[in-house]
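# Examination of the molecular architecture
Read off the chains here:
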There are 2 protein chains.
Amino acid sequence: MLIVKKFGGTSVGDKDRIMNVARRCAEDFKKGNDIVLVLSAMGKTTDELIAKAKEINPDPPKRELDMLLTTGEQVSVAMMAMAFDTMDIPAVSLNAFQVRMHTTRVHGNARLKRIDTDRIMHELEHRRIVIVTGFQGVNKYDNYTTLGRGGSDTTAVALAAALHADACEIYTDVDGVYTADPRIVPKARKLEEITYDEMLDLATLGAGVLHNRSVEMAKKYGVQLVVRSSLNDHEGTIVKEETSVERMLISGVALDKNTARISVIGLKDEPGMAFRLFNMLAKEGINVDVILQSIGRENSKDISFTISRDEADEAVKIIEANKARIGCTGISCNKEVVKVSIVGAGMMSNPGVAAKMFEALFNENININMISTSEIRITVLINEKDAERAVNAVHDAFGLEE
Amino acid sequence: MLIVKKFGGTSVGDKDRIMNVARRCAEDFKKGNDIVLVLSAMGKTTDELIAKAKEINPDPPKRELDMLLTTGEQVSVAMMAMAFDTMDIPAVSLNAFQVRMHTTRVHGNARLKRIDTDRIMHELEHRRIVIVTGFQGVNKYDNYTTLGRGGSDTTAVALAAALHADACEIYTDVDGVYTADPRIVPKARKLEEITYDEMLDLATLGAGVLHNRSVEMAKKYGVQLVVRSSLNDHEGTIVKEETSVERMLISGVALDKNTARISVIGLKDEPGMAFRLFNMLAKEGINVDVILQSIGRENSKDISFTISRDEADEAVKIIEANKARIGCTGISCNKEVVKVSIVGAGMMSNPGVAAKMFEALFNENININMISTSEIRITVLINEKDAERAVNAVHDAFGLEE
């Protein structure tokens, strides 16, 4: 079997954890499996590097920030190869240039386009464990790019697809995918299986277990994922096209604190204004989430949207700079909001799911700011102070603890 | 003018120093010069990375150690590009893959073979300061290599040669090349000019200002070097083919503490034994310095040689492992020795220089362990405890303070 295994920053945070990962992989390797290991930067390295950069330049050029950040994973993979060497397990570390992970041009948030497999296959044929830097790629100008937070998951799935791997295991600090975050909802239950679409919505909505792009890619290429703990041998959660377990109405409740609401007030009521607004954000690589447009006063309109909290300041800055062009009169930004979502492939055929969710929130006297829905998801934006109560109330209302 | 400037680890050790280097380079850039900047890893980064590696694996595979160490310079160049950005100076950082610095295969001590100049020229044509990682290269297997300690000097000189630069400035924490180390010899005097050959011997012998390979390369390609301080604007020392100042008998006294003496006792007196001994060290990339062979007892011979102190343990290990093959009876290693050398193009035509040096040491009652000479250099190996007295005595004897 060819197994792609991905370990995050916490799992390789120090010497003991690195040795632990090496031992786990060595076991599978000795059974005759081929192992491709994808690693993130050790512990808080990426955050530390960003802080270091900001000491020099509060707004560092993104190309150079990527150049800086990519060193983090390179340290991890080199250290891991050294760990295998102490066990006499042949291993080799490869960065994005050595594999050649081709990405789109954009820095800080690039997408993988293609992965050359020659070097990896060559190393596997020589029976070496191949340790690949997650999160990073190289664009057509030979510049380093990064895939955005959680990008190592995407690297792992893309490698599994490109190498036609037999399994893709995502190791994390939780046992699998739960019906809600167990730190917030004590009654949360681990799911045995979940569909790509459900996981996709959970990932997008901040369940924090898998990066959304990685799930999209897994779905696109039919890569079956296993999410499991790097700290124990418990069975994890399998992510695949169709689950075999009987369909629950909803699979889980997700809480996303990394959100902010930006309101652009008094936009000229002319065609193309929304396009201009969101196009200028897109050009800077900023992803907008839920969008709500309403009629303002005197021939104008207001647009509100949610966005990653860490990109909110930059978005406001960009809009401020282009105030004249889009002719808006005011911009406001609220960072004290969260998204609560319920996700479930079962809800497609069940009317009344939304009503049940709103009822649970109403019973807790929680105010809803914005609503957004997809076929298998309902999301509400609420005040941050209500977050925990909301998640527990919804979890209870749908009887997810069973 | 196209100027290559190299700054070492101390010069980019923290935020203030990085900004300082950026300001100095920005001045030259604004005057219309093209600037290629070569940087080492920040401060003690390389040592720290080595220590980290050894926590995991006391004897890390060299390929992986290079993979780890090359992150050090990449951090430096990215941070420097961010510093230029705060001054609105366009700049771009490049690592060994992006420039494509081709080296030989060997890890930890590779040699530069060829440098592709396309990318750098492209960036210069767009009027950007180009910041290149020193010390590192890529071999034909697409693996990172490092050039050994002080390798950033070599990177700078090689770039100056490849780009046909008008000047190559090596910035360091001293004002230039002195007749002796001013920390040891208070009367030491700064030289205005020095020849490649003299500098080569001084570098090889541990004057610590320039890496020997960088001087060899400068000589080979006729790259005129300036050694100057990163902390002030003093004129430095020019290193070139022929000095215009009147020839001193000797130019300086060098002290090299990074040395150890290994003695291999009772080697079989057969042809090829010395070849076997030194070939097995060379294959591991270990450079041997002064070699002395003497007749041992009963049809055997003893070979002593000096070697970098930090490679001594590895050399002993290699010889121990091959004891049977070379048929030796004992190995000893003395790390408490130093090399003291006098260097001067003027000594070629002056007999009695060696005698004068030995006399100065005799007057101080300092015992000489080994002697080695070249046309422009005389080196003695003495006990470490006598080092400072020896250097001062020799400096006085040749009247270098004048």
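Just so you know, these numbers come straight off a predicted model, no measurement behind them. (Residues numbered from 1 in each chain as written. Chains lettered and ligands numbered in written order. Predicted model: local features only at pLDDT ≥ 70, side-chain atom pairs only at ≥ 80, totals over all residues. Heavy atoms only, no water.)

Attention shifts here to the domain arrangement of chain A. You can read the domains of chain A as domain 1 (2-173), domain 2 (260-334) and domain 3 (337-397). Here the C-alpha centroids of domain 1 of chain A and domain 3 of chain A sit 36 Å apart. (Domains from an automatic or database assignment.)

The residue A:Arg100 is not glycine, and still its phi comes out positive at about 75°. The residue A:Arg100 is located in the loop between helix 4 (96-99) and strand 4 (101-103) in this model. (Helix = DSSP H or I, 4+ residues; strand = E, 2+ residues; numbered from the N terminus.)

Turning our eyes to something else, we now look at the relation of the copies chain B and chain A. Superposition of chain B onto chain A requires a rotation of 180° combined with a translation of 0.0 Å along the rotation axis, giving an RMSD of 0.1 Å. Taken together, the rotation angle and the small translation identify this as a two-fold axis. Closest approach to the rotation axis among the C-alpha atoms of chain B is made by B:Thr71, whose C-alpha sits 2.6 Å away. Counting the interface residues of chain B, we find that 100% of their copies in chain A are interface residues as well, pointing to one common contact surface. (Least-squares fit on C-alpha atoms with pLDDT ≥ 70 in both. Contact = heavy atoms within 4.5 Å.)

Next up on the list: a positive patch on the surface. All names here are of chain A. There is a patch of like positive charges on the surface, built from Arg105, Lys113, Arg114 and Lys140. Relative to the helices and strands, arginine 105 resides in the loop between strand 4 and strand 5 (112-115). Given the relative accessible area of 53%, arginine 105 is considered exposed. (Patch = residues over 30% accessible without salt bridge, like charges linked within 9 Å, V, L, I, M, F, W, Y side chains within 5 Å. Areas by Shrake-Rupley, 256 points an atom, 1.4 Å probe, with all protein chains shown as cover. Salt bridge = Lys/Arg side-chain N within 4 Å of Asp/Glu carboxyl O. Lys, Arg positive; Asp, Glu negative; His and termini not counted. Charge placed at Lys NZ, Arg CZ, Asp CG, Glu CD. Buried < 20%, exposed > 50% of the residue type's maximum accessible area, 1.4 Å probe, protein only.)

The partner chain A presents 40 residues to the 40 residues of chain B that form the contact. Summing the contributions of chain B and of chain A, the shared interface buries around 3,300 Å²; its carbon and sulfur component is 63%. It is B:Ile56, B:Met67 and B:Met82 that lose the most area in chain B upon contact with chain A, and together they represent 21% of the buried surface on that side. At the boundary of chain B with chain A, the tally comes to zero salt bridges. Our count for the contact surface shared by chain B and chain A stands at 18 residue pairs in polar contact (both at pLDDT 80 or more). (Buried area = accessible area lost by both parts, 1.4 Å probe. Polar contact = N/O pair within 3.5 Å; in protein donor to acceptor, adjacent residues only side chain to side chain.)

Once that is clear, we can look at the state of the cysteines. All names here are of chain B. Overall, the coordinates contain zero disulfides over all chains when judged by the stated rule. As a non-bridged cysteine, cysteine 25 has cysteine 168 as the owner of its nearest cysteine sulfur, 13 Å distant. Residue class for cysteine 25 comes out buried when judged on its relative accessible area of 0%. The class for cysteine 168 is buried, based on a relative accessible area of 0%. (Disulfide = S-S within 2.5 Å.)

Residue and element names in this part refer to chain A. For strand 6 (residues 129-133), the buried fraction is high: five of the five residues fall into the buried class. As paired strands, strand 2 (residues 34-39) and strand 6 are joined by four bridges and run parallel to one another. Following the sheet pairing, valine 38 is matched in strand 6 by valine 132. Across four bridges, the pairing between strand 3 (residues 91-94) and strand 6 is parallel. The partner of valine 92 across the bridge, within strand 6, is valine 130. (Pairing = 2+ DSSP bridges.)

As a further point, take the sheet that holds strand 12 (residues 237-240) of chain A. Residue and element names in this part refer to chain A. Spatially, eight strands are ordered 3-6-2-1-9-11-12-10 in an open sheet, and the strand pairing comes out mixed. Each end of this open sheet is capped by a strand with a single partner; those strands are strand 3 and strand 10 (193-195). Going across the sheet, the axis of each strand differs from the next one's by a mean of 20°, ignoring polarity. When strand 11 (residues 225-229) meets strand 12, the two strands line up antiparallel, connected through three bridges. Bridging across to strand 12, valine 227 finds its partner in threonine 237. Here helix 3 (residues 62-86) sits on the sheet and contacts strand 2, strand 3 and strand 6; the angle it forms with strand 6, its principal contact strand, is near 165°. (Axes fitted to C-alpha atoms, helices over the stretch in contact; angles between N-to-C directions.)

Moving on, we get to the sheet that holds strand 18 (residues 337-343) of chain B. Residue and element names in this part refer to chain B. With antiparallel pairing, the four strands of this open sheet are ordered in space as 13-18-20-19. Both edges of this open sheet fall to strand 13 (252-256) and strand 19 (370-374), since each of them pairs with a single strand only. Averaged over all neighbouring strand pairs, the angle between strand axes comes to 20°, with direction disregarded. Summarising the sheet, strand 18 and strand 20 (residues 377-383) pair through seven bridges and their orientation is antiparallel. By the bridge assignment, valine 340 is partnered in strand 20 with valine 380. Strand contacts of helix 12 (residues 353-363): strand 18, strand 19 and strand 20, with the helix running at about 20° to strand 20, the strand carrying the most contacts.

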